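# Observations on chain architecture
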Amino acid sequence: MTTKLKRIIFWSLFLLFIIYGFFIYTLGTENDGGKKFLTEGAKKGKLLYQEYNCTSCHQLYGLGGYMGPDLTNVISDPGKGESYVKSFIKNGTQQMPNFHLGEAEVNALTEYLNYVDKTGISPVRNFEVQYDGTIIQKAIQ
Ligand code: HEC
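This is a predicted model, so every value here is computed, not measured. (Residues numbered from 1 in each chain as written. Predicted model: local features only at pLDDT ≥ 70, side-chain atom pairs only at ≥ 80, totals over all residues. Heavy atoms only, no water.)

### Topic: the overall build of the protein
Each helix and strand in the protein was counted, giving four helices and four strands. In the protein, the succession of helices and strands from N to C terminus is α-α-β-β-α-α-β-β. Computed over the C-alpha atoms, the radius of gyration of the protein is 23 Å, more than 25% above the 14 Å expected from 2.2 N^0.38 for a compact globule of 141 residues. Dimensions along the principal axes, computed over C-alpha positions, put the protein at roughly 80 × 30 × 25 Å. Burial statistics for the protein: of 141 residues in total, 25% are counted as buried. In the protein, of all internal contacts separated by at least 6 residues, the share reaching a separation of at least 24 is 47%. (Helix = DSSP H or I, 4+ residues; strand = E, 2+ residues; numbered from the N terminus. Rg over C-alpha atoms; globule rule 2.2 N^0.38 Å. Buried < 20%, exposed > 50% of the residue type's maximum accessible area, 1.4 Å probe, protein only. Contact = heavy atoms within 4.5 Å.)

This is the structure:
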């Protein structure tokens, strides 16, 4: 291999490294993991979710207890939504306890479920494997 060819290969690889590095440290770090949806209300709701141990019966992002339904996308579910969620949390049902929560707590829990809804899909059913091995969700059912 001539010295000239070696130089061309070296500088091409170096250039690719610079371009790759640029994308990794600019576009690659743009995703804030949904922090912009984690409002003050949602943070309070998260603490309430932990305090009342909702996770003992419900799943978020597919994890949790199995007595109640998965709550990840209950907010964007076409047949459910915010007022539906609020009435469950406020009143309970025969199977779900009534925690006798105040208006502010119910709103905070709903805001937290809103955050969860915007940051995850569960269960992931309708997905497609891409050429690089990652998956994309095709449509929310
Ligand atoms: C003892 C178990 C239990 C606990 C603890 C519990 N839930 Fe539930 N929850 C259930 C069950 C069971 C249902 C289904 C009730 C029904 O259909 O009658 C339900 C339903 C719901 C629903 C409606 C979901 C849907 O898709 O229809 C919401 C929203 C909800 N719970 C929120 C909460 C929140 C928030 C907490 C914590 C403050 C909580 N739950 C704690 C058992 C529980």
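Back to the text.
### Quick look at the packing of aromatic side chains
To describe a pair of aromatic rings, one takes the distance between the centres and the angle between the planes. Overall, the coordinates contain eight aromatic pairs when judged by the stated rule. Ring plane angle 15° and centroid distance 6.2 Å describe the contact between Phe10 and Phe14, whose orientation is recorded as stacked. Remark: Phe14 and Phe10 occur in helix H1 (residues 3-25); sequence separation between them is four residues, near one turn of the helix. By relative accessible area, Phe10 is classed as partly exposed at 49%. (Phe/Tyr/Trp six-rings, centres within 6.5 Å; stacked < 30°, edge-to-face > 60°.)

### Let's talk about the site of the ligand
In the neighbourhood of the ligand, 22 residues make up the surrounding shell, with Cys54, Cys57, His58, Tyr84 and Met96 lying closest. Within the side chain of Gln95, a nitrogen or oxygen atom sits 3.2 Å from an oxygen atom of the ligand. One can see that the ligand is located within the largest pocket. Looking at the shell around the ligand, the element that brings in the most residues is helix H3 (residues 82-91), giving four residues. (Near = heavy atom within 4 Å. Polar contact = N/O pair within 3.5 Å; in protein donor to acceptor, adjacent residues only side chain to side chain. 1 Å grid on protein atoms, 1.4 Å probe; cavity = no way out; pocket = protein on both sides within 12 Å on 5 of 7 lines; lining within 4 Å. Sits in = over half its atoms within 2 Å of the grid points.)

### Topic: the side chain of Asp117
Here Asp117 shows up in helix H4 (residues 103-119). The buried charged residue Asp117 lacks any salt bridge partner; its closest oppositely charged side chain belongs to Lys118, at an N-O distance of 6.2 Å. Of note is the side chain of Asp117, whose polar atom sits 2.8 Å from the side chain of Ser76. Apart from the residues lying within four places of it in its own chain, the contact partners of Asp117 are Thr72, Asn73, Val74, Ile75 and Ser76. (Lys, Arg positive; Asp, Glu negative; His and termini not counted. Salt bridge = Lys/Arg side-chain N within 4 Å of Asp/Glu carboxyl O.)

### A word on the layout of surface pockets
Of the voids in this model, the largest pocket is the one considered here, and its volume is about 530 Å³. Contributing to the lining of the largest pocket are 26 residues, with His58, Pro69, Leu71, Phe88 and Met96 lying nearest its centre. Secondary-structure elements contributing two or more residues to the lining of the largest pocket are H3 and H4. If you tally residues by element for the lining of the largest pocket, the top one is H3, at four residues. Along the lines of polarity and charge, the residues of the lining of the largest pocket split into 18 nonpolar, six polar and two charged. (Points joined across faces, edges and corners; volume = space filled by probe spheres on them. Nonpolar A, V, L, I, M, F, W, Y, C, P; charged D, E, K, R; others polar.)

### Considering the domain arrangement of the protein
Each domain of the protein was delimited in the assignment, giving domain 1 (1-30) and domain 2 (35-119). The centre of domain 1, based on its C-alpha atoms, is set 48 Å off from the matching centre of domain 2. (Domains from an automatic or database assignment.)

### Section: the coordination of the iron atom of the ligand
Distances from the iron atom of the ligand to its protein donors, His58 (NE2) and Met96 (SD), fall at 2.0 to 2.1 Å. For the iron atom of the ligand, the six donor atoms in the first shell make angles of 83 to 178° at the metal, a pattern classed as octahedral. Separated by 38 residues along the polypeptide, His58 in the loop between helix H2 (40-51) and strand E1 (59-60) and Met96 in the loop between H3 and H4 bring together distant segments of the chain. Look at His58 and you get buried, because its relative accessible area is 11%. (Donors = N, O, S within 2.8 Å, 3.2 Å for Na, K, Ca; no water. Tetrahedral: all angles 85-135°; square planar, octahedral: opposite > 155°, others 65-115°.)

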